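Letter by letter, the chains look like this.
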Amino acid sequence: MKILVPIAKVPDTTAKITFIENNTKFNPDGVTFIMNPTDEWYALVRAIELKEKQGGEVVVIHVGLADSEQIIRKALAIGADKAVRVDADPTDAYFVAAQIANHAKTENYDLIIAGKETIDYNSYEVGGMIAELLDLPCVALVQKLDIENGVATIKREIEGGTETVEVKLPMVVCAQKELAEARIPNMKGIMGARSKPLAVVAADATEKLTVVANYSLPEKAKECKYVSPDNVAELVRLLHEEAKVI
Amino acid sequence: MAVLSFVEVSEGKIKKASVEAAYYGSKVAEGLGTDSIALVLGAASADDLATLGQVGVKKVLHANDARFNNFDSKAFAKAVSEAANTTGANMVVLSFNQNGKLLAPRLSVRLKAAYVPGAVELPVFNGATAVVKKNVFSGKAAAHYQLNTEKKVIAVNPNSLSPVRGNGVATVEAFSPAVNDADFSSVVKGTDKITGTIPLSEAELVVSAGRGLKGPENWGMIDELAKDMGAATACSRAVADVDWRPHHEHVGQTGLTIRPNLYIAVGISGAIQHLAGVNGSKVIVVINTDPEAPFFKAADYGIVGDAFQVMPKFIEEYKKFKSAH
Ligand SMILES: Cc1cc2nc3c(=O)[nH]c(=O)nc-3n(C[C@H](O)[C@H](O)[C@H](O)COP(=O)(O)OP(=O)(O)OC[C@H]3O[C@@H](n4cnc5c(N)ncnc54)[C@H](O)[C@@H]3O)c2cc1C
Ligand SMILES: Nc1ncnc2c1ncn2[C@@H]1O[C@H](COP(=O)(O)O)[C@@H](O)[C@H]1O
């Protein structure tokens, strides 16, 4: 089985969020970047588990600039066999998906496992776009994935529960929590990662569909109105009369 | 020109999140001086579909075809794009719910349309360009997406706007998209619904608790208030990790993201990873013994106090309120 795992780079969740250039750009100053948690903990680990069971190869692909090397090496240390970096600034989901789809077109992957969303833009779009570009089936919010005889059995989240579906490979899967248990790279993995192949390829010319005009921060910090623990009736009154939520 | 909203039905019933999307579509259509059209795939009664007129939909295209009773992203994307093309819709609106999160990006590619995942407000038009607000960085900031393409796709964050209902009645027209059996790629083997409770992702009111409750045996008061209010229950990851509560209830960065009208947090410290899943809530109430708990900074109303004393009073006062209203 040949599996492709697209991995994204995101600011650490505890990072302070500020913007520069008239609020048109995210300010990376002093921010630590990490591999997108869903990609690292679930998509990548499940891909490695499937390979360990059935043989094959796990390739990670990342669209990003040279400063992403560290997260790519981490993916190799966790257990991916090789990596591809498309050398471009990933500013638009369609652009990113098109780069990944173009790579996948010539490589005949049985399975592509993306994360459901990145934790910066929370946009849930790249996986579905790759699938549409390749005209492949896709299932998202996947919590369980098993493959047997070229058929994937998948448990996905639906409103108020889960649904189990079967899909014939090749396909795209968008992973979420419960799909696997996060792995921490060990010394052997870290050493081995240094000699695994990392190909850097130029980006294909592709249009961008969406631009961010600018960013804004919440207008002002919320002002908490305190109610005495001896006067809970007042809280109920406020929720009804002032907040109008009950 | 028209605005097309994609409306999902589940077991023949229109999903609440889709009513919001249809309302959003009607508002945009109204602003542009064009028609609001809805597309429904799968079995549903024409009488039910006509009620979409209440949120401004003029016409419902209905593919009453059992193959669409289960969601299949590839086949649905094909059908919705065809409807957009035949109605000449330049904008497609759908919910940013479980299915919408996958269907919308596929539509964006098929229609070569700029796409906003999770709009929280109506678009602002400037000629053919639309700017739409969406939350980013787990709600710590907003991005204003600029959509320059002729066709546009907007997925609306659930609970972002409350539909105002009028007494319109939509006409319902049969629609047969050119979708082959081969376009349906997934076979549904079964579903597992968490029954008896309100699905957390759709709930308007949520009562949530964390480690401050000391043990799973103390959740009775959370369940009771939730039941009285018709609210769903949620929890912090810390208590799901130790199996005091099921994992599907855990909200935050690694759990569900929710945007209810009211989120009541009892004995939860308000770690940034927890807030990531709830700070889009309209109103937040925090009950915590520690006046320094970070959650108070994100709260609209706070009670510094012991949950074991405050909750019984809260339940009592709510019961009084309910019998009076
Ligand atoms: C990468 C990562 C991802 C994470 N993802 C998530 C996530 O998705 N969701 C999530 O929730 N957490 C997540 N966490 C964990 C998070 O950082 C916190 O540890 C967790 O939310 C704490 O849960 P808690 O508030 O229930 O417990 P605590 O932090 O222990 O807080 C308990 C609170 O209860 C109060 N209290 C104590 N007794 C009482 C009483 N009698 N009455 C009222 N209040 C009382 C205390 O003052 C305290 O504020 C994540 C952490 C990491 C590192
Ligand atoms: N720059 C990128 N390079 C490679 N994969 C990416 C990139 N951005 C997003 N992805 C993949 O797409 C998934 C969804 O991201 P998004 O649509 O941005 O929320 C992520 O979990 C990754 O698997």
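Keep in mind the model is a prediction, meaning the values are calculated, not measured. (Residues numbered from 1 in each chain as written. Chains lettered and ligands numbered in written order. Predicted model: local features only at pLDDT ≥ 70, side-chain atom pairs only at ≥ 80, totals over all residues. Heavy atoms only, no water.)

Thoughts on the sheet that holds strand S15 (residues 225-226) of chain A
Stated precisely, the cut-off is as follows: Being paired, for any two strands, means DSSP has found at least two bridges between them. Numbering of helices and strands starts at the N terminus; helices are DSSP runs of H or I of at least 4 residues and strands are runs of E of at least 2. Here, two residues are considered to be in contact whenever any of their heavy atoms come within 4.5 Å of each other. To define axes, lines are fitted to C-alpha atoms, for helices over the stretch in contact only, and angles between the resulting N-to-C directions are given on a 0 to 180 degree scale.
Ordered in space as S15(A)-S18(B)-S17(B)-S16(B)-S14(B)-S15(B), the 6 strands form an open sheet in which the pairing is parallel. Whereas interior strands pair on both sides, the edge strands pair on one side only; in this sheet they are S15 of chain A together with strand S15 (232-235) of chain B. Examined bridge by bridge, strand S14 (residues 205-209) of chain B and S15 of chain B share 4 bridges and lie parallel to one another. When the bridges of S15 of chain B are listed, Ala-209 of chain B appears paired with Cys-235 of chain B. Relative to S14 of chain B, helix H5 (residues 220-229) of chain B is tilted by about 180 degrees, and along the sheet it contacts S14, S15 and strand S16 (262-266) of chain B. Against the sheet, helix H8 (residues 307-324) of chain B engages S16, strand S17 (283-288) and strand S18 (301-304) of chain B, with an angle of about 135 degrees to S17 of chain B.

Comments concerning the packing of aromatic side chains
What counts is decided by this rule: Ring pairs are drawn from Phe, Tyr and Trp, using the six-membered ring of Trp, whenever the two centres fall within 6.5 Å, and their geometry is named by plane angle: stacked under 30 degrees, edge-to-face over 60, tilted for the rest. Three exposure classes are used, based on accessible area relative to the maximum for each residue type with a 1.4 Å probe and protein chains only: buried under 20%, partly exposed in between, and exposed over 50%. Distance and angle both matter: a charge sits over a ring if NZ of Lys or CZ of Arg is within 6 Å of the ring centre and within 35 degrees of the ring normal.
For the structure shown, the criterion picks out 16 aromatic pairs over all chains. Aromatic pair Phe-26 of chain A and Phe-137 of chain B: ring centres 4.9 Å apart, planes at 20 degrees, arrangement stacked. Within this pair, whereas Phe-26 of chain A is found in strand S4 (residues 25-26), its partner Phe-137 of chain B is found in the loop between strand S9 (129-136) and strand S10 (141-147), the two belonging to separate chains. We note that Phe-26 of chain A, like Phe-137 of chain B, is buried. Relative to Phe-296 of chain B, the ring of Tyr-226 of chain A has its centre 5.4 Å away and its plane inclined at 50 degrees; by these criteria the two rings are tilted. With one member in each of two chains, Tyr-226 of chain A in strand S15 and Phe-296 of chain B in the loop between S17 and S18 form a pair that bridges those chains. Given the relative accessible area of 47%, Tyr-226 of chain A is considered partly exposed. Phe-296 of chain B sits in the buried class, given a relative accessible area of 4%. Counting every residue linked through ring pairs, the aromatic cluster contains Phe-19, Phe-26, Phe-33, Tyr-121 and Tyr-215 of chain A together with Phe-137 of chain B. Taking the ring centre of Phe-33 of chain A as reference, the NZ or CZ of Lys-9 of chain A above it sits at 4.7 Å. The ring of Phe-95 of chain A is capped by Lys-208 of chain A, whose NZ or CZ atom sits 4.9 Å from the centre of that ring.

Things to note about the pairing of strand S11 (residues 161-168) of chain A
Sheet analysis places strand S10 (residues 151-158) of chain A next to S11 of chain A, joined by 8 bridges and oriented antiparallel. Along S11 of chain A, the bridge assignment pairs Ala-152 of chain A with Val-167 of chain A. Count of turn residues in the S10 of chain A/S11 of chain A antiparallel hairpin: 2 residues, of which Gly-160 of chain A carries a positive phi of about 70 degrees. Examined bridge by bridge, S11 of chain A and strand S13 (residues 186-193) of chain B share 7 bridges and lie antiparallel to one another.

With respect to the site of ligand 2
All names here are of chain A. Basically, it comes down to this: The near set for a molecule or strand comprises every residue that places at least one heavy atom within 4 Å of it. Throughout this description, a polar contact denotes any pair of N or O atoms lying within 3.5 Å of each other; where both atoms belong to protein, one of them has to be capable of donating a hydrogen while the other can accept it, and for residues adjacent in sequence the pair is counted only when both atoms sit in side chains. Residues were grouped as follows: Ala, Val, Leu, Ile, Met, Phe, Trp, Tyr, Cys and Pro as nonpolar; Asp, Glu, Lys and Arg as charged; and all remaining residues, including Gly, as polar.
Around ligand 2, the surrounding shell holds 20 residues, and the nearest of these are Pro-6, Asp-39, Thr-118, Glu-125 and Val-126. Between Pro-6 and ligand 2, the recorded distance is 2.7 Å, taken from a backbone N or O atom to an oxygen atom. At 3.2 Å, a side-chain N or O of Asn-36 approaches an oxygen atom of ligand 2. Of all the secondary structure elements, the ones that give two or more residues to the shell around ligand 2 are strand S6 (57-64), helix H3 (93-105) and strand S8 (111-115). Ranked by residue count, the leading element in the shell around ligand 2 is S6, at 3 residues. Taken together, the residues that form the shell around ligand 2 break down as 11 nonpolar, 5 polar and 4 charged.

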